[in-house]
Amino acid sequence: MFHKLEEVEAHFQDLEVRLNSPDSAKDPYQFQKLSKEHSNLIPLVTAYREYRKLKQAFVHNEEMIREDSGELRQMAQEDNASLVDEIALLEKKLKVLLLPKDPNDDKNIMIEIRPAAGGDEAGIFVGDLFKMYSKFAEKNRWSVEVMDAAPNDVGGFKEVVMMIRGDKVYSQMKHESGVHRVQRVPKTETQGRIHTSTVTVAVLPEAEDVEVTIDPNELRIDVFRSSGPGGQSVNTTDSAVRIVHIPTNLVVVCRDEKSQHKNKAKALKILKTRILDQKQHEQHSKIAQERLSQVGTGDRSEKVRTYNYPQGRVTDHRIGVTIHQLDAYMNGDIGGLITQLSAHYETEALKAQTSG
């Protein structure tokens, strides 16, 4: 591990030299790339330098303990007793920081929320999750853009697609993908019976233009008039856009804007993100066994969480954690559980790395 850390520090110093070179500003794209790499290494290099400083202090104290028999020896022993714990914590931190980095962690995300089982109640819960994620984004000062929303007849949604932009959004939100189950008495239930419904959540890293190129000749684009709940016309012009990507048969519909041009732009953004996700999923499938041993399958068909309203609790089934503050959770206070999920998967990855 320490040989690797020395290599990382040397590379970090090289990046600093290159960034300070007068020639670096001549290529803005390259400068941005180097700056990002340099910034990503700061936590690791800072922790390594602090670790090295503590180790040097520990060795110095050991020398004093061997050579001195008076008060200085006792001070050195007390100092080393506390240094042992600090060094152990830093070692653990360094191991986590050295784990292979998910290349998508720094990206913005697109979240697609859709009803699964449960009819109208599932559609209503789609809206609840949309509000929950929007409020969490607001707490983190991330921006939210609705890419597409298809309302149903009872105040819920057939589908919501939202873009969230901010600092390292994917790294925090990637474990939200999966089947979310809700247990509660629906507003439409007259006999007070608890229903169980499910909603699917897909978290996709935003595709950058350099990652996905779409040939216009491989697209079939249709325009139509958007309609809202009950079939009433939302727009008086054919502003809604449907795009079919012929090679993959992916279909994207955007009807949220009154402008056909804006809907088309949003649809293309969604399409690029889905194509990137499909490509990455295919790559992940090739190394599925290795990935399974590290962090589980992450498959979207897995039930990841239950929201039980009568008991006022949220349970994440992957880590066996239950939170008895459902109201606060649905109001966007989901950061604590996200932190626990990240810690869980880091621990699993460390175990896999050690066993490997």
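Note that this is a predicted model, so its numbers are computed, not measured. (Residues numbered from 1 in each chain as written. Predicted model: local features only at pLDDT ≥ 70, side-chain atom pairs only at ≥ 80, totals over all residues. Heavy atoms only, no water.)

Caption draft 1: Examining unusual backbone geometry more closely. Positive phi, close to 60°, is recorded for Arg-141, a residue that is not glycine. Mapped onto the fold, Arg-141 is located in the loop between helix 4 (120–139) and strand 2 (143–151). At Asn-249, a residue that is not glycine, the phi angle is positive and equals roughly 65°. Following the sequence through the fold, Asn-249 ends up in the loop between strand 7 (240–245) and strand 8 (250–254). With a relative accessible area of 58%, Asn-249 lands in the exposed category. (Helix = DSSP H or I, 4+ residues; strand = E, 2+ residues; numbered from the N terminus. Buried < 20%, exposed > 50% of the residue type's maximum accessible area, 1.4 Å probe, protein only.)

Caption draft 2: Just the side chain of Glu-121, in detail. Among the secondary structure elements, Glu-121 is positioned in helix 4. Once you skip the residues sitting within four places of it in the chain, Glu-121 turns out to touch Arg-184, Pro-186 and Ser-197. (Contact = heavy atoms within 4.5 Å.)

Caption draft 3: Spotlight on the sheet that holds strand 4 (residues 178–184). Spatially, 2-3-1-5-4-9-10-11 is the arrangement adopted by the 8 strands of the open sheet, whose pairing is mixed. On the outer flanks of this sheet lie strand 2 and strand 11 (321–323), each paired with one strand and no other. Strand-to-strand twist in this sheet, taken as the mean axis angle between neighbours without regard to direction, amounts to 20°. In this sheet, strand 9 (residues 303–308) lies alongside strand 4 in parallel orientation, the contact comprising 5 bridges. Counterpart to Gln-183 in the pairing with strand 9 is Asn-308. Its contacts with the sheet put helix 4 on strand 1 (109–115), strand 2, strand 3 (157–165), strand 4, strand 5 (195–205) and strand 9, and the angle it makes with strand 3 is roughly 10°. (Pairing = 2+ DSSP bridges. Axes fitted to C-alpha atoms, helices over the stretch in contact; angles between N-to-C directions.)

The analysis is restricted to geometry; functional conclusions fall outside its scope.
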